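# Coordinates in review
The residues making up each chain are set out below.
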Amino acid sequence: EELRLSHQWSNNDIRHQVAQMVADEVKAANVDLTIRIFGSKSLFKPREQYRPVSRGQLDMTLIPLSYAGGQQPAYNLTLMPGLVKNHDHAARLSGSPFMKAIEAKMAEDDVIVLVHGYLAGGFAGKDACITKPDDVKGLQMRAAGKSFEQMLAGAGASIASMASSEIYNAMQTGVLNGANTSSSSFVSYRIYEQSKCYTPAADVALWFMYQPLLMNKTTFENLNSEQQAALLAASKKAQAFYLLEAKKEDAASTEVFRKAGVEIAEMTQDDFDQWRALAKETSYKAFVADVPDGQALLDLALAVE
Amino acid sequence: MTLPNKYSEGNQGIQHKFIYAVSWLSTLSGWLAAVMIVAAVVITCQMIFVRSILNLSTIWQTEAVVYLMISATLMGLPYVQLLRGHVNVDLIPILLPAFLRKYLYFLTLVLSVSIVLVMVFYAFEHWHLAYERNWRSDTVWGIKLWIPYLALPVGFFLLLLQLVADFSAVLVGKDTPFGLEDK
Amino acid sequence: MDPLVLGGIVAIMTIVVLFSGVSVALGLLIVSGGFLLAFDGLRSLELLPEIFFGKLDSFALLSIPMFIIMGSSIASTRAGADLYEALERWLTRVPGGLVISNLGACALFAAMSGSSPATCAAIGKMGIPEMRKRGYPDGVAAGSIAAGGTLGILIPPSVTMIVYGIATETSIGRLFLAGVMPGLLLVFLFMAWSLYSTWKSGNKQLLVAGNYSWRERFEILPRVVPFLVIIAGVLYAMYGGVATPSETAAVGALLCLIIAVIIYRLWHPKDLWVVLRDSTRESVMILFIIAAAGVFSYMLSSLYITQSIAEWIGTLDVNRWVLMIAVNIFLLIAGFFLPPVAVILMSAPILLPIITTAGFDPIWFAVVLTINMEIGLISPPVGLNLYVINGIAPDISLKTILMGSLPYVACMILAIVLLCLFPGIATWLPNAVMGASV
Ligand code: NA
Ligand code: NA
């Protein structure tokens, strides 16, 4: 039996390696199950993968869950400023009642999680460092994620909506003064060529995005018990690998920026607290207003130590 | 409103009326498409102005213009079909004698109508799902997705009508298969 | 079934369906739907509308209708004629001035229009009757404009470069710059041939035709100003930090519409509608093909054909230039039949990995591909530019237009050879302006 997995990442991206690891392990288990990976957007465009999985037309995908935030507004909590403090905290969130509640939402769409994982990101400034809310006042910013846009707007920045592939050109010509996205996107779009200062995810980080490996629930349940066991074992192994690599990713991106001669700034605990206070007034508020059981979900997330 | 095709004129018989009505609909749809393209131009310029001169946020413009362009494409389908503006390669029809050409025309029409029917059917389903579940785009603007998706079933349905009207025009002898002259 | 065998069957079926007279976009949808139904089951059809919609869901594509509006709003005014006349008055002392100024006008117009048919129509409306009046052979008159018009997709802005940039994720700004010098090279080759053929035809008086006073020459200059305003406005928007390259097209389109209405008094709703109708028709035609070709490539990928072909070619051990010649022949043949965007979208996912593993620069390859597509525009059976010329000068037979275009096809092939020998013709400018690519 063959399962089809679609993702948007290139072959050397850790998210591809996670998917590949699951495929390899399942194959090695010899349970008459193979996973065929369609990487680099070769089958579906990034934001078009959730729906086919939820309707069983595609078996598996590895996406930022917030891509489906328009269909399940609760998912927006998986890309919320200041909710995750660092990678270990992220790992604890993945096993918490909060994640159980999110998984219940997925079950409504006939989707289950095989591999949990968070990736972090930071800020790049064209002319100056961005560490605290005051730094973005009056700047044209491009943020990855709705909640971050709301928070930055609250800090007095102007939000320019554009595809991440346009960041490079926009920063080069001065249309943008700064951007906020994942460590790996900063590297793959070569933003270091256009920035003066980089604020990476370090001991304190603001930007965490939940990017799980998802599978259609019915398809999973239709597998025999050996196949299910093999898939779960492979996923467990991949999840440990994912966490380890996610931690390395931030340091690696910092190194790339440093080598390109970009100044590296650090976000202090005080900066973080300022952002979080601002987020509470902007993105958290908007989320709670938008989602019926939003407050309960947010409390669950905030309860995770 | 002037209609671009000579065969869409006239009012004898039900088929002629049908052809006329459909070309009227297609033309209306084409106007709508043109208006949407112009709107996309204007909104993009507005976005550049707001961002670079006023230094304000531009939240909705990028999404709006992309959806306008997609809707313009879909709404433009029947009109461009009416104008015979969709490029085709009529190599095989030219090589065929007239009576075989008629059969080939019929065959390609059946295939075209089938695929367009498939598009109309599943496009409607897709639109309905987005409407029923109140899907929104995952941005701050968060537009209700059934609005841009609406152009999918409507555009393809009008294209379907136009294809059938073109076929009727051949049946009543107002046009020839593939618009080719008899040898 | 082996994906490679399946790929062969898909190729044959695609050719049969596309040659059967059905429109290219619908044909691609028919083939995709048929194979998905046969090999992936009925449920795969459910996704077709979403995929269709998704393929168009890209901001960069928006510049296609906009660059088309730029071309057609200017083409429907007397701007083309003005430009053309100005060049002619200044170039009369140059041997063969008329045909030279026609080609020059084509090149300049190409710098404002993203599409080849629009370029061809704008200059041809004035240029062809004028050349024939002065006694140029019909073949030279029609052929030079048909060929000059193809520059629309090589000299930036270019609709096909945008499509290539999206399909292969290469920088559109870089692609635009890469087209500049090869475009000038082609203009030069076209001019050289036109002069040679006119000289050889023995009509010596053509080479010294017309004579204008300096007063007449300066009189015409103000009428070229709108052009300069548009080009300056677009360049300022693009490099002045005002807009991203994809957004710039909108500035250009609005400028052209405004100039057409105010300066060329295109204010009658009927005239304005003609502009909008023409640009809607061309945009919708191209965007429909883009979406349908996207569905087609989804089908190829879903049936694992794309991946298998790429793997298979990777195992072939051939000289990279043999590979390049094979790719060129494939593109040339595809271009004979299919419109450029369809060729690019259907072949890019398969060709690009092959090209890059063989060590060719994707930016350079875009230029080679575009020149191949230009040849397709003036060759039968689907040559959009031939139809445009046929529309402008219905009394010149298609055969004459075709024969007149042939030598220009030779010029284009020569340009491809030169590009292979000296890749710097394409890559030097983008590297100089935007830094070496990684
Ligand atoms: Na051009
Ligand atoms: Na051709």
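Residues numbered from 1 in each chain as written. Chains lettered and ligands numbered in written order. Predicted model: local features only at pLDDT ≥ 70, side-chain atom pairs only at ≥ 80, totals over all residues. Heavy atoms only, no water.

## Quick look at the nonpolar core
In a soluble, globular protein the nonpolar side chains are often hidden away together inside. With 280 residues, the main nonpolar core has A:Trp275, B:Phe156, C:Phe52, C:Ile290 and C:Phe365 as its most contacted residues. For this core, the element with the highest residue contribution is helix α15 (residues 269–302) of chain C, accounting for 16 residues. Residues in contact with C:Phe52, not counting those within four places in the same chain, are B:Leu74, B:Met119, B:Leu152, B:Phe156, C:Leu29, C:Phe288, C:Ala291, C:Ala292 and C:Val295. Residues A:Trp9, A:Val18, A:Val115 and A:Leu213 belong to the second largest nonpolar core, which totals 30 residues. (Core = buried A, V, L, I, M, F, W, Y, C linked by side-chain atoms within 4.5 Å. Buried < 20%, exposed > 50% of the residue type's maximum accessible area, 1.4 Å probe, protein only. Helix = DSSP H or I, 4+ residues; strand = E, 2+ residues; numbered from the N terminus. Contact = heavy atoms within 4.5 Å.)

## Things to note about the interface of chain C and chain A
Contacts between the two partners involve 24 residues from chain C and, on the opposite side, 23 residues from chain A. Interface area, chain C with chain A, both sides summed: about 2,000 Å², of which 47% is carbon and sulfur. Joining chain C to chain A, the criterion identifies 4 salt bridges. The salt bridge involving C:Glu50 is made with A:Arg55; its shortest N-O contact spans 3.3 Å. Summed over the shared surface of chain C and chain A, the result is 8 residue pairs in polar contact (both at pLDDT 80 or more). Within the residue set of the side of chain C that touches chain A, elements represented by two or more residues are α3 (48–56), α14 (245–262) and α15 of chain C. In terms of residue class, the side of chain C that touches chain A is built from 10 nonpolar, 8 polar and 6 charged. (Buried area = accessible area lost by both parts, 1.4 Å probe. Salt bridge = Lys/Arg side-chain N within 4 Å of Asp/Glu carboxyl O. Polar contact = N/O pair within 3.5 Å; in protein donor to acceptor, adjacent residues only side chain to side chain. Nonpolar A, V, L, I, M, F, W, Y, C, P; charged D, E, K, R; others polar.)

## Let's talk about the coordination of the sodium ion (ligand 1)
Residues and elements named next belong to chain C. Taken together, Ala110 (O), Ser113 (O), Gly152 (O), Ile155 (O) and Pro157 (O) make up the protein donors of the sodium ion (ligand 1), found 2.2 to 2.4 Å from the metal. Read in sequence order, the donor residues coordinating the sodium ion (ligand 1) give the pattern A-x2-S-x38-G-x2-I-x1-P. Here Ala110, found in helix α6 (residues 97–110), pairs with Gly152, found in the loop between α8 (138–150) and α9 (159–168); they are 42 residues apart in sequence, far enough to count as distant. Considered together, Ala110 and Gly152 belong to a single accessibility category, that of buried residues. (Donors = N, O, S within 2.8 Å, 3.2 Å for Na, K, Ca; no water.)

## So, the interface of chain B and chain C
Taken together, the contacts link 56 residues of chain B with 53 residues of chain C. Note on chain B versus chain C: buried area summed over both sides is about 4,800 Å², and carbon and sulfur give 83% of it. For the interface between chain B and chain C, the tally reads 7 residue pairs in polar contact (both at pLDDT 80 or more). Among the elements of the structure, α1 (13–52), α2 (61–82), α3 (91–95), α4 (98–132), α5 (146–149) and α6 (151–171) of chain B are those that each provide at least two residues to the side of chain B that touches chain C. Per element, the largest residue contribution to the side of chain B that touches chain C is 15 residues, and it comes from α1(B).

## Describing the pattern of salt bridges
Tallied over the entire structure, the rule returns 30 salt bridges over all chains. Two residues, A:Lys132 and A:Asp135, come together in a salt bridge whose shortest N-O distance is 3.3 Å. Using a relative accessible area of 29% as the deciding quantity, one classes A:Lys132 as partly exposed. Using a relative accessible area of 22% as the deciding quantity, one classes A:Asp135 as partly exposed. One salt-bridge network, in which partners are shared between bridges, spans A:Arg55, B:Glu125, C:Arg43, C:Glu46 and C:Glu50.

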